[in-house]
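Topology and contacts: notes
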Amino acid sequence: MPWQPIAGVVLAVLLAALATLQYRWLGEVSQAERERIRAGLQTRAADFTQEFDREITRIYVAFHGEPGAPDQDATAIIAIELEKAQASAAVPGLIKDVFLLETGGPRAGVLQRFDPAARVLQPAEWPQPLDAWHRRIARFSTIGDTAGILPIMMADAVDASAPALIIPMPFVKTIAGGDGRFTVMSDAAGPPRTLIVWLDADRLRRQLLEPLVAKYFGAGDASEYVVSIVQRDAPSAVVYASSKDGVLDERRADVSTGMFDLRMNELTRLTGNITPSPAHTANPPTDRVAVTIVRRSAGPADAARVLMTGGANQGAWQVRARYRSGSLESIVASSRRRNLAISLGVLGLLGAAFVLIMAASQRQRRLAQQQMEFVAAVSHELRTPLAVICSAGENLADGVVADAAQVKTYGSLIETEGRRLGDMVERVMEFAGISSGTPIRPRSDVDVANVVADAVHGVSPDARARDITITVHPNGALPAITGDADALRSAVQNIVGNAVKYSANGGAVDIRTHADEAAVEILVADNGLGIDAADLPHVLAPFYRGRRAVDAQIRGTGVGLSVVRHVIAAHRGSIAIDSRVGEGTTVIVKLPVPPSRVAGS
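Residues numbered from 1 in each chain as written. Predicted model: local features only at pLDDT ≥ 70, side-chain atom pairs only at ≥ 80, totals over all residues. Heavy atoms only, no water.

**Some remarks on the overall build of the chain**
What counts, and what does not: Numbering of helices and strands runs from the N terminus, with a helix taken as a DSSP run of H or I at least four residues long and a strand as a DSSP run of E at least two residues long. Here a residue-residue contact requires only that any non-hydrogen atoms of the pair lie within 4.5 Å. In short, Shrake-Rupley with a 1.4 Å probe defines the accessible areas, and a residue's cover is counted only from the protein chains shown.
Each helix and strand in the chain was counted, giving 13 helices and 21 strands. Taking contacts inside the chain between residues at least 6 apart in sequence as the whole, the part at least 24 apart equals 72%. Counting only carbon and sulfur atoms, one obtains 56% of the accessible surface of the chain, whose full area is about 32100 Å².

**With respect to the nonpolar core**
Under the convention used in this document: To qualify as a nonpolar core, a set must consist of buried Ala, Val, Leu, Ile, Met, Phe, Trp, Tyr and Cys residues joined through side-chain atoms within 4.5 Å. For the exposure calls, accessible area comes from a 1.4 Å probe over protein chains only, and a residue counts as buried if that area is under 20% of its type's maximum, exposed if over 50%, partly exposed in between.
In terms of nonpolar packing, the biggest core is built from 53 residues, with I229 and W317 touching the most fellow members. It is helix α1 (residues 3-62) that contributes the most residues to this core, nine residues altogether. Dropping the residues within four chain positions of it, I229 is found in contact with F48, L209, V213, V238, V239, Y240, M259, W317, Q318 and V319.

**Describing the pattern of salt bridges**
Cut-off, in case you're wondering: We count a salt bridge whenever a side-chain nitrogen from Lys or Arg sits within 4 Å of a carboxyl oxygen from Asp or Glu.
Here the structure, examined in full by the defined rule, presents twelve salt bridges. We note a salt bridge from R119 to E83, for which the minimum N-O separation is 3.1 Å. Highlighted residues: R119 in the loop between β2 (111-115) and β3 (120-123) and E83 in helix α2 (residues 74-88), separated in sequence by 36 residues. Take R119: its relative accessible area is 41%, and that puts it in the partly exposed class.

**Focus on the packing of helix α9 (residues 448-465) against helix α10 (residues 485-501)**
The cut-off we apply is this: Here the axes come from fitting lines to C-alpha atoms, over the contacting stretch only for helices, and the angles between their N-to-C directions go from 0 to 180 degrees. Note that the term roughly parallel is reserved for angles under 35 degrees, roughly antiparallel for angles over 145, roughly perpendicular for angles of 65 to 115, and oblique for everything else. Here a crossing is taken to be left-handed if its near helix is turned anticlockwise relative to the far helix by less than a right angle, and right-handed if that turn runs clockwise. Amino acids are sorted into nonpolar (Ala, Val, Leu, Ile, Met, Phe, Trp, Tyr, Cys and Pro), charged (Asp, Glu, Lys and Arg) and polar (every other residue, Gly among them).
In the contact formed by α9 and α10, the axes pass within 8 Å of each other and the chain directions differ by 40 degrees. One way to sum up the angle between α9 and α10 is to call them oblique. Of the two possible hands of crossing, α9 and α10 adopt the one that is right-handed. Each of V451, D454, A455, G458, V459, D462 and A463 in α9 lies in contact with α10, whose residues at this interface are A485, L488, R489, V492, Q493, V496, G497 and V500. Here the residues of the contact of α9 with α10 sort into nine nonpolar, three polar and three charged.

**Focus: the pairing of strand β1 (residues 95-102)**
So the rule is basically this: Pairing between two strands is assigned when DSSP locates at least 2 bridges connecting them.
Within β1, seven of the eight residues are buried, leaving the element largely enclosed by the surrounding structure. Where β1 and β2 come together, three bridges link them in antiparallel fashion. Across the sheet, residue L101 finds its bridge partner in β2, namely L111.

**Description of the packing of aromatic side chains**
Heads up, the rule is: Centres within 6.5 Å make a pair out of two Phe, Tyr or Trp rings, where for Trp the six-membered ring is used; the pair is then stacked when the planes are under 30 degrees apart, edge-to-face when over 60, and tilted otherwise. Charges are assigned to positions over rings by a cutoff of 6 Å between ring centre and Lys NZ or Arg CZ, combined with an angular limit of 35 degrees from the ring normal.
Applying the stated criterion across every chain yields a total of eight aromatic pairs. Ring geometry for F48 and Y216: centres 6.4 Å apart, planes at 65 degrees, overall edge-to-face. Taken together, the residues F48 in helix α1 and Y216 in helix α4 (residues 201-217) connect sequence positions 168 residues apart. Exposure remark for F48: the relative accessible area of 0% places this residue in the buried category. Note on Y216: relative accessible area 15%, which makes it buried. Residues F217 and Y225 carry aromatic rings whose centres are separated by 5.8 Å and whose planes lie at 80 degrees to one another, so their mutual orientation is edge-to-face. Chaining the aromatic ring pairs together yields one cluster made of F48, Y216, F217, Y225 and Y323. Over the ring of W198 we find K96, and its NZ or CZ is 4.6 Å from the ring centre.

**Details of the sheet that holds β3**
With antiparallel pairing, the six strands of this open sheet are ordered in space as β3-β2-β1-β8-β5-β4. Of all the strands in the sheet, the pair left with one neighbour each is β3 and β4 (158-159). Sitting on the sheet, α2 touches β1, β2, β3 and β8 (193-199), and the angle it makes with β1 is about 150 degrees.

**Thoughts on the sheet that holds strand β14 (residues 317-323)**
Strand order across the open sheet formed by four strands is β10-β9-β14-β11, with antiparallel pairing between neighbours. If you trace the sheet from one side to the other, it starts and ends with β10 (238-241) and β11 (255-259), each paired once. Strand-to-strand twist across the sheet, computed as the mean angle between neighbouring axes with direction ignored, equals 15 degrees. In terms of strand pairing, β11 meets β14 through five bridges, oriented antiparallel. Residue pairing across strands places T257 opposite V319, the latter belonging to β14. Packing of α4 onto the sheet brings it into contact with β9 (225-231), β10, β11 and β14, and relative to β10 it is tilted by some 40 degrees.

**As for the confidence of the model for the chain**
As a reminder of what qualifies: Per-residue confidence from the predictor is reported as pLDDT, a score between 0 and 100.
For the chain, per-residue confidence averages 75 on the pLDDT scale, and residues scoring 70 or more make up 68% of the total. Scored below 50 in pLDDT, residues 143-149 makes 14 contacts in the model with residues more than four places away or belonging to other chains. The low-confidence segment residues 273-312 (pLDDT under 50) makes 50 contacts with residues lying over four places distant or belonging to another chain.

Here's what the structure looks like:
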């Protein structure tokens, strides 16, 4: 049994097993791929919110008084802090207004606006965006605890609706510890006050938010992400939306996180420039300074209420992001399908390569078999005429043949076999030249009628020996063509010789010539064996011989028609073969006429 089918089955099984393993492996890595993509988007969102919040925190820290500074001159402190905030801000003009709100004592609820030009505080009406704080002051005043402090929590530090920063402005002092550390505490003896830093909403969105979105997520339709930003407490209030389809729903978002908040790490970093005491300098701590604001009360249960706190994923705004091409799950599924398709494609290419190798192996095997048959046929073709020539020569040399008529017969036999031997050697040499890529000889004007006549003359002895009639039927004058006369004569003689060789004794071969404006046509027809339909497409291939020719034991090498095809193709012509078993074969050769001769005819 041949090994190729077995190898094909084994390869198919291996490819199926590899495809199954690849699919399972892709299923296992899909979860890891999903987490990797999600982590990448989360990192992008975290960097975006951190940079935005860094600017907000920088403004917040800029409005904190210096530890231990007298707090009575609020105007001077606000002026210094405003200049510091404007100098450190990444976006100029982000601060729209600064208000001072009394949050304790008999003046609780009094609002004053800071005039940067006059550097004075002036009584002011509550702006509509800060109306929520006005109502809160009113509710706090009805409690009757006017001597107390209006609670300012960490959540109050950012007002998203205004937008504004709410910054406690207590009188603070520094208490140094013996271990080199120090603590910043509020002094209850000072008047409690709160700064309201009103931000320009349009500048905040256009000059800070939108550039950061473009930086981290891309701009416009070219971005591969859909980003929406809404107020956390009022999701219907849209701050920013990159999609024309509206706000991204939180359930459809791949990543959702908070922003517009005070960053604890930024607070630590920015407040770390407080000048330490000498003991603190001599023994520097590894921890950064942390600021905690508490409310002290006389009651033991409320001795230290924390007024500032924070947590993860907090913020007045919420940013929602997902991939524009679909949800994270759909992207992972698409990636999985793409990887599977690539893997199957690779496996398919391996299979196709194996099939091609198998086909090439089969072709090489057939070609080797045909070459062996060709060598055997050539050897037989050489042996037969050589044996006849040697036998006739020995008889003549030994004097066995003395009669003049017999000597003439022997001489004619030697001449015929020698010519046949020469024709066979010429065909083999021509095929060898074609196989090596040797071009045909230089071209010149060729008389097609003379080519046909020379070809008929070359095969006439064989035709006479078998009583086969060769008839040429010219149909008008034939124009000259450009080509190699010897190569064309050999090709036409090969065609006519095959017609004679495969015809029965006493048969007939007809040759017709015809010319039109574009080509000269040569038609050679016989009434011989004919060619099977299965063999007809292959008869022009090298070494190929039809089944009927082999069964009839007609001598041949299988290279003649291959040489004919090459010669006709080199002259930009065409060859067509029509055959019916038992009725004969017709070969039609068309050779193009040069345009100059067509115009001159």
